[in-house]
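# Architecture and fold: a report
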2 protein chains.
Amino acid sequence: MHIRNLITFWITAALLPVIVRAADPVSYVNPFIGTTNFGTTNPGAICPNGFMSVTPFNVMGSPDNRYDKDARWWSTPYEYHNSFFTGFSHVNLSGVGCPELGSLLLMPTTGELEVDYHLYGSEYTREKATPGYYGNHLLKYNIDTEVSATLRTSIARFTYPGGKSHILLNLGEGLTNESGATIRQVNATEYEGCKLMGGFCYYNRQGVFPIYFVIRTDKTPQQSGYWKKQRPMTGVEAEWDPDNGKYKIYSKYTKEMSGDDIGLYFSYDTKPGEQIQVQIGVSFVSIENARENLECEQQGFDFDKVCLSARQQWNDILSRIEVEGGTDDQKTIFYTALYHMFIHPNILQDVNGEYPAMESNKILSTSHNRYTVFSLWDTFRNVHPFMTLTFPDRQLDMVRTLIDMYKEWGWLPRWELYGNETLTMSGDPATAMIADTWLRGLRDFDTDAAYKAMLKSANTPGKDNFLRTDNDDYTALGYVPLRETFDNSVSHALEYYIADFALSQFAQALGYDEDAKSFAKRSLGYKNYYCKDFGTLRPKLPDGKFYTPFDPMQGLNFEPSPGFHEGNAWNYTFYVPHDIKGLMRLMGGENAFVKKLQKVFDENLYDPANEPDITYPYLFCYVNKEAWRTDYQISRLLAKYFSNKPEGIPGNDDTGTMSAWAVFSMMGFYPDCPGLPRYILTSPTFDKITIHLDNKYYSNKTLVIETERPSADAIYVDKISVNGKHLKNRFISHEDLVNAKTIRFTLKRH
Amino acid sequence: MHIRNLITFWITAALLPVIVRAADPVSYVNPFIGTTNFGTTNPGAICPNGFMSVTPFNVMGSPDNRYDKDARWWSTPYEYHNSFFTGFSHVNLSGVGCPELGSLLLMPTTGELEVDYHLYGSEYTREKATPGYYGNHLLKYNIDTEVSATLRTSIARFTYPGGKSHILLNLGEGLTNESGATIRQVNATEYEGCKLMGGFCYYNRQGVFPIYFVIRTDKTPQQSGYWKKQRPMTGVEAEWDPDNGKYKIYSKYTKEMSGDDIGLYFSYDTKPGEQIQVQIGVSFVSIENARENLECEQQGFDFDKVCLSARQQWNDILSRIEVEGGTDDQKTIFYTALYHMFIHPNILQDVNGEYPAMESNKILSTSHNRYTVFSLWDTFRNVHPFMTLTFPDRQLDMVRTLIDMYKEWGWLPRWELYGNETLTMSGDPATAMIADTWLRGLRDFDTDAAYKAMLKSANTPGKDNFLRTDNDDYTALGYVPLRETFDNSVSHALEYYIADFALSQFAQALGYDEDAKSFAKRSLGYKNYYCKDFGTLRPKLPDGKFYTPFDPMQGLNFEPSPGFHEGNAWNYTFYVPHDIKGLMRLMGGENAFVKKLQKVFDENLYDPANEPDITYPYLFCYVNKEAWRTDYQISRLLAKYFSNKPEGIPGNDDTGTMSAWAVFSMMGFYPDCPGLPRYILTSPTFDKITIHLDNKYYSNKTLVIETERPSADAIYVDKISVNGKHLKNRFISHEDLVNAKTIRFTLKRH
């Protein structure tokens, strides 16, 4: 039975140890949004872009769980509809589709010491989550749990009912498929250790990395020790060893304990209502750094102080954009989406600046923020344009990080995770991301190195090319031919076209005219795939013939599809944002284009959760008189797929990409093509949106978007004016936008 | 098929890299003696009392092995009749009955890298073993292996046939039942790590301890890395991970690798005949100490130098006793037995003096040798009297070690293993061992502490008494009653009597007359068990009645026996060495005693491999006219059970106890009772035995035992003279013996 109370965050906000001002944007964040329906976000405590997150872990150990990590593909530490809590996982991924991290499981219990998570797990109630804070009540133990975080460390506060009480740290379980940990006692209240992670998405099985940690409690235990699941023995020795195949408790030994499935425990005798606090400091460099992180970011044990600081950090981020009008739910959807955009990429370096170098065992030091968890194929299209606009400092450090990675490894990353290129997804998104940033005016990075890195990826032969493995075909034929049924060849090529377009724009701006021409030409190779018979892109063979048989519908619901990755031909056919006009001509002109695009929505061929088609609804604006279709679809899609509910994200948040789609769309503008520094406009959700721009980069201090909305159902744009000047179409350049004092929308009902 | 050539050691000696002088006693050692028939010795390379031993490991991974550690109770890394070699184990136990240590398996291979020992193991031939050296030839790989050792470090030299070549260090397997290791690369040719050991004999499951190590090669590998057996996954993820449930190779990652079943490898491309040397330094304190041990004990890689030094150390030990006459086989049996007595106890401290304190996580430092692996219940009866006589420096350090353990832990140990009391066997043998040493004249230790420690064990109530758990019954009733069928109650009490006798002698000598009287009285409590009906000892109930039903034969062949441990009533009835005359009276006098004792031998009730009865053949000497029976039995037992063959020890060597029996017996004298500083004499095996006494402790430089033997079958003592003076019986005091210039035996045929 699932017995959690559905107490929403603002009801419980009054119970929180920090003072909540209703006006704070942070009070509009509902961290439960996206925690089911495969949104894969979680309600854990985290600071903006911190690597520490502390998340309730409820995806193992009970048949009552609806989703279990060991029974199916599962990529998130928390599922809203599960019920069996086995601890707080430390350092987690949010909005991803493969299992990784989500380890160092911290669990309070009472009664006799039990270290098997099947047995020590508990149902829970009274969940509360606000940015930087999560708490619940464990029904089995009558324990109140609360957690918070700094950038690199965590704090938990457990309130016990009294009597025999324990704190467990399980190092054997977690989301990651790698195993193996070692721990060592430092003193009565402190242990240190490390655990292996990695192998994300199984493409790069060598991509493993250690997490180092220090754990401290504020109360000296009566007893502490380790446990380890014993390897099963056979024969007569199995009879002699009472621990054979079971969890063995080591109550006396305090030196190194290593193994696949180990843990440590602290045991106490508590008074009723007694609180014990636990801190964990983490580093990806060393145990020493983990300790230094802990000592720098927390002085002593002060749960409320950590919690308040986390909340303030979130408020500082979220208040960069103020919204007025709209419903509370809409504000919640907006600020929660914004919140989800500041989880990844997250910092990697320790307080002393050290970090593990890219694809290397070296430790380097940095003076700027070193970021990690770059799901670039997702984020290059909207998250980074958003950062460029709103948080240029962060975006620049992210670009600098990518260039540092190139300098360290020799390649720009595609899907980087804690120093490892996971080789997940396809293409060369870093090229587009960096070029786009530069073209939007953020240029304080090593442009020469960036350009060199892009050229290397664009020009290196396939066999030596980490990013564009089909580069020989691509450069020779202008397209990637289908050589194996499920080789995703069209999807690969479409990514190269987009990257080459951004690169051509960048080359042009840098004065490399020849390169610019060449890459611009390459970017139009998509035309090879256009099949007039079907009116869609279609896989092509090495000899230039189209792949047969062909069904443009094949690929729905993640079924394999020849030539296309995680989608069908319809999800990819409009995926040439840099040459929509060219595509339009191929399709037979404006009317045919609009008809075909409308068909995607009418026939339910639009996937709101997969990146290649998420710009589709904006493409109607290419035909000005049909721009109302954009307004309609954006309004419909926001209402249908984004809600103030746990299922309120249409699928994997993809490290903020879905959220960025919602944030932009609710503000009434969207960056439709990396490398084109502009936006497409649509009707905003809110009546007034104030974006506080960073004066270090933009002379305009505030951009205000005002919307005159005659009624709630007036969802169509009637007029747009920028600084009082009427705008004839739906396109606005990045420069015009950032220099606009006011953009005024006038909406109409139909 | 078992294809090893049976090349005995002296044939191959000429092939060895060290120069062998025929006269060296070391050339008479055959390390293969005791390597089958459950002798549990091994032919590995070791220095006298060093903790490093390097042993061919052939007890896992092949159905062709006759004895497999995973198929049965198995306690030794090597079995002579097995055929499947899976590497050299580092730090091993010799002559014990429970599995422990025998880990850090070092294996050379060729061809494609294979890390599953079932697959990389090899048959072998051309085994060679001499003290400090072992070598063989791996048939699967055409590799010659050679190993040697210093006190705390090892060196291996592998001669490859050329081509792809590897060195593996397997940390997942070994004899110990504990698992879990961690490793880390230091540089291209060096790794460091630690592994858990312990739980010996399953009595003290908390008795675990880490072994720390550093491994180096003398050639930079082309590639190195780790492996780890992956935990099995279920469901769809199992399909995605190609390593699921298998050994995964980590070829790139070099930071901490931890797990239950991990290893590391170095890969090379070798030239035909190319040699690669590998060193391992070990410590029980820290990795740093392991490295310091390695750097102090080996400068650079010089296999031959290490090998020669080990051989010289052995020669220094063995030449303390010179023998003349006898056959080569007899000399081999003698010197190999002597060799086996200098394996345990072994040193524990690092070159810097640091060691792990007893039953503690503390690290302490020592100025004398700190010994470990005290199988005291075995060794107190003959090994330590031998050390007292022949190697007083060593014996004193062993005594000091026991007293230090008491100071660290609060108790004297019984069966200590690397800082842990394993609680194996029974009784209080350290009391007898220390008292006996003092009574034989070695007194340079903290006598007050020793006496206090003995009193604590003798007088502490049972529930708080680690050593004498039945002390309440014992002190109240004078015996330990049978309270559970298989509680070994009689065996326990017999140990207490022996300890109390030694303690009474010690107390008397120290002037504690009251204590002396009290303990002397306690030591006679064995009479409670004597049952006239059966003429044997018999378990007794708390109410004073004998246990019924009773069969004095029950307990043969290790079957459980009420009241008796690993034996039957006959194996224990004469086990009151301190009051044989009293026992004789109980039995009805000399004739009845001799008759009963003779019955033991006539009816095959004598177990030559279990300690309680191994003094039996000497007890005939209590009746002077029957002493010839001692000569007969000793001669017969030596011939029957001790041979220059792999089966040449009658059972577990018990860390040298069986060997000590042979060494003493072959020299013609035996210490029959701890606490009685004397020996019983019998006909020596050799014509002349010269014992070089340590002048620091004994004024007499050499003790010569000469034997006039009219013919080879003249096995009976006719006359004995000490310094020319006729001896009337078979007893000689320790003082008389050490002061004797010459003891002359004249033998006769019947």
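What counts, and at which threshold
Residues numbered from 1 in each chain as written. Chains lettered and ligands numbered in written order. Predicted model: local features only at pLDDT ≥ 70, side-chain atom pairs only at ≥ 80, totals over all residues. Heavy atoms only, no water. UniProt positions renumbered as here; feature names shortened; annotations may be inferred. Helix = DSSP H or I, 4+ residues; strand = E, 2+ residues; numbered from the N terminus. Contact = heavy atoms within 4.5 Å. Buried area = accessible area lost by both parts, 1.4 Å probe. Polar contact = N/O pair within 3.5 Å; in protein donor to acceptor, adjacent residues only side chain to side chain. Nonpolar A, V, L, I, M, F, W, Y, C, P; charged D, E, K, R; others polar. Pairing = 2+ DSSP bridges. Salt bridge = Lys/Arg side-chain N within 4 Å of Asp/Glu carboxyl O. Buried < 20%, exposed > 50% of the residue type's maximum accessible area, 1.4 Å probe, protein only. Axes fitted to C-alpha atoms, helices over the stretch in contact; angles between N-to-C directions. Parallel < 35°, antiparallel > 145°, perpendicular 65-115°, else oblique. Left-handed = near helix turned anticlockwise from the far one by under 90°. Core = buried A, V, L, I, M, F, W, Y, C linked by side-chain atoms within 4.5 Å. Domains from an automatic or database assignment. Least-squares fit on C-alpha atoms with pLDDT ≥ 70 in both. pLDDT = per-residue confidence, 0-100. Disulfide = S-S within 2.5 Å.

### A look at the UniProt feature "domain: Glycosyl hydrolase family" (unreviewed entry) in chain A
Per the UniProt record, "domain: Glycosyl hydrolase family" (unreviewed entry) is found at residues 289-748 of chain A. Here residues 289-748 of chain A runs as 41% helix and 13% strand, with 58 Å between its end C-alpha atoms.

### Re the interface of chain B and chain A
With 59 residues of chain B in contact, the opposing surface of chain A contributes 60 residues. Between chain B and chain A, roughly 4,800 Å² of surface is buried when both sides are summed, and carbon and sulfur atoms account for 46% of that area. At the junction of chain B and chain A, the tally comes to 31 residue pairs in polar contact (both at pLDDT 80 or more). Split by residue class, the side of chain B that touches chain A holds 23 nonpolar, 17 polar and 19 charged.

### Brief notes about the environment of Gln312(A)
Structurally, Gln312(A) is set in helix 5 (residues 303-318). As for Gln312(A) and Lys248(A), which are separated by 64 residues in sequence, their C-alpha atoms are 44 Å apart.

### Examining the sheet that holds strand 28 (residues 669-670) of chain A
In spatial order, the strands read 28-29-34 (chain A); together these 3 strands make up an open sheet with antiparallel pairing. Each edge of the sheet is formed by a strand with only one pairing partner; in this case those strands are strand 28 and strand 34 (731-733) of chain A.

### Observations regarding the pattern of salt bridges
Taken as a whole and judged by the stated rule, the model has 83 salt bridges over all chains. Across the salt bridge formed by Glu256(A) and Arg184(A), the nearest N and O atoms sit 2.8 Å from each other. Placement of Glu256(A) in the loop between strand 14 (247-250) and strand 15 (257-259) and of Arg184(A) in strand 10 (residues 181-187) is noted, with a sequence separation of 72 residues between them. On the basis of relative accessible area, Glu256(A) is assigned to the buried category, the value being 11%. Take Arg184(A): its relative accessible area is 29%, and that puts it in the partly exposed class. Between Asp393(B) and Lys696(B) there is a salt bridge, with the nearest N and O atoms lying 3.0 Å from each other. Of this pair, Asp393(B) sits in helix 9 (residues 392-409) while Lys696(B) sits in the loop between strand 30 (688-692) and strand 31 (702-708); the two residues are 303 residues apart in sequence, bridging distant segments of the chain. Residue classification places Asp393(B) among the partly exposed residues on the basis of a relative accessible area of 34%. For Lys696(B), a relative accessible area of 60% puts it in the exposed group.

### Topic: the pairing of strand 18 (residues 321-324) of chain A
Residue and element names in this part refer to chain A. Side chains Ile321 and Val323 of strand 18 all project onto a buried face; the interleaved residues Glu322 and Glu324 project onto a face where none is buried. Across 4 bridges, strand 18 lies against strand 30 (residues 688-692) in antiparallel orientation. Each residue of the ladder has a partner; that of Glu322, found in strand 30, is Thr690.

### Some words on the packing of helix 18 (residues 627-641) of chain B against helix 19 (residues 657-667) of chain B
All names here are of chain B. Between helix 18 and helix 19, whose axes approach to 11 Å, the crossing angle comes to 130°. Classified by the angle between their axes, helix 18 and helix 19 sit oblique to one another. Helix-helix and strand crossings are classified by hand; for helix 18 and helix 19 the assignment is left-handed. Here Ile634, Leu637 and Leu638 of helix 18 lie close against helix 19, whose contacting residues are Trp661, Ala662, Ser665 and Met666. Residues of the contact of helix 18 with helix 19, tallied by class, amount to 6 nonpolar, 1 polar and no charged.

### Quick notes on the UniProt feature "domain: Glycosyl hydrolase family 92 N-terminal" (unreviewed entry) in chain A
Following the UniProt record, one finds the feature "domain: Glycosyl hydrolase family 92 N-terminal" (unreviewed entry) at residues 28-283 of chain A. With 4% helix and 43% strand, the stretch residues 28-283 of chain A has end C-alpha atoms that lie 31 Å from each other.

### Considering the nonpolar core
Phe386(B) and Phe593(B) are the most contacted members of the largest nonpolar core, which has 222 residues in total. No other element matches helix 13 (residues 489-510) of chain B, which puts 10 residues into this core. Beyond its immediate stretch of four places on either side in the chain, Phe593(B) contacts Phe574(B), Ile580(B), Leu583(B), Met584(B), Met587(B), Leu619(B) and Val623(B). Counting residues in each nonpolar core, the second largest holds 221 residues, with Ala45(A), Met257(A), Trp415(A) and Ala609(A) among its members.

### What to know about the domain arrangement of chain A
Residues and elements named next belong to chain A. Assigned domains of chain A: these are domain 1 (9-316) and domain 2 (320-349 + 597-750). For domain 1 and domain 2, the distance between their C-alpha centres works out to 37 Å. Buried area between domain 1 and domain 2, summed over both chains or domains, comes out near 2,700 Å², and the portion from carbon and sulfur atoms is 59%. On the domain 1 side of the contact with domain 2, Tyr28, Ile33 and Asn49 bury the most area, a combined 26% of that side's loss. Across the domain 1-domain 2 interface, the total number found is 0 salt bridges. Those elements giving two or more residues to the side of domain 1 that touches domain 2 turn out to be helix 1 (9-13) and helix 5. Taken together, the residues of the side of domain 1 that touches domain 2 sort by class into 20 nonpolar, 15 polar and 2 charged.

### Observations regarding the relation of the copies chain B and chain A
For the match of chain B to chain A, the screw axis carries a shift of 0.0 Å, the RMSD comes to 0.0 Å, and the turn is 180°. Classification of the inter-copy transformation places it as that of a two-fold axis. No C-alpha of chain B approaches the rotation axis more nearly than that of Gly259(B), which lies at 1.9 Å. The share of interface residues of chain B whose copies in chain A are also at the interface is 100%, consistent with both copies meeting through the same surface.

### Considering the confidence of the model for chain A
All names here are of chain A. Of the residues in chain A, 97% have a pLDDT of 70 or more, and the chain-wide mean is 95. Contacts for the low-pLDDT stretch residues 1-22, under 50 throughout, to residues beyond four places or in other chains number 51 contacts. Scoring the predicted complex yields pTM 0.95 and, for the interface, ipTM 0.93.

### Some words on the state of the cysteines
By the definition in use, this model includes 2 disulfides over all chains. Bridging Cys98(B) to Cys201(B), the disulfide has an S-S length of 1.7 Å. Taking the sign of the S-S torsion, about 105° here, the bridge from Cys98(B) to Cys201(B) comes out right-handed. You can see Cys98(B) sitting in the loop between strand 3 (88-90) and strand 4 (103-110) and its partner Cys201(B) sitting in the loop between strand 11 (190-198) and strand 12 (208-217), a full 103 residues away along the chain. As far as the burial class goes, Cys98(B) and Cys201(B) line up, both buried. With no disulfide partner, Cys47(B) has as its closest neighbouring cysteine sulfur the one in Cys307(B), 9.6 Å distant. Owing to a relative accessible area of 0%, Cys47(B) belongs among the buried residues under this scheme. You can see Cys194(B) has no disulfide; the closest cysteine sulfur is in Cys194(A), sitting 10 Å from it. Judged by its relative accessible area of 4%, Cys194(B) falls in the buried class.

### Description of the pairing of strand 4 of chain B
Residue and element names in this part refer to chain B. Counting buried positions along strand 4 gives 8 out of 8 residues, so the element sits mostly inside the fold. In this structure, strand 3 lies alongside strand 4, joined through 2 bridges in antiparallel fashion. Opposite Phe88, over in strand 4, you have Leu106 as the bridge partner.

### Quick look at the side chain of Gln633(A)
All names here are of chain A. Residue placement: Gln633 occurs in helix 18 (residues 627-641). Assessed through its relative accessible area of 2%, Gln633 is described here as buried. Residues within four places of Gln633 in sequence aside, it is in contact with Gln598, Phe601, Pro617 and Phe620.

### A few points about unusual backbone geometry
In this structure, Pro549(A) follows Thr548(A) across a cis peptide bond, with omega equal to -5°. Position of Pro549(A) relative to the elements: it lies in the loop between strand 27 (536-537) and helix 15 (569-573). Residue Pro345(B) is reached from His344(B) by a cis peptide bond, and omega for that bond is -15°. With respect to the helices and strands, the residue Pro345(B) is situated in the loop between helix 6 (328-340) and strand 19 (346-347). At Leu104(A), a position not held by glycine, the phi torsion is positive, near 50°. With respect to the helices and strands, the residue Leu104(A) is situated in strand 4 (residues 103-110). The buried category is assigned to Leu104(A), whose relative accessible area is 0%. Even without being glycine, Asp654(B) reaches a positive phi, approximately 50°. The exposure class assigned to Asp654(B) is buried, which follows from its relative accessible area of 10%.

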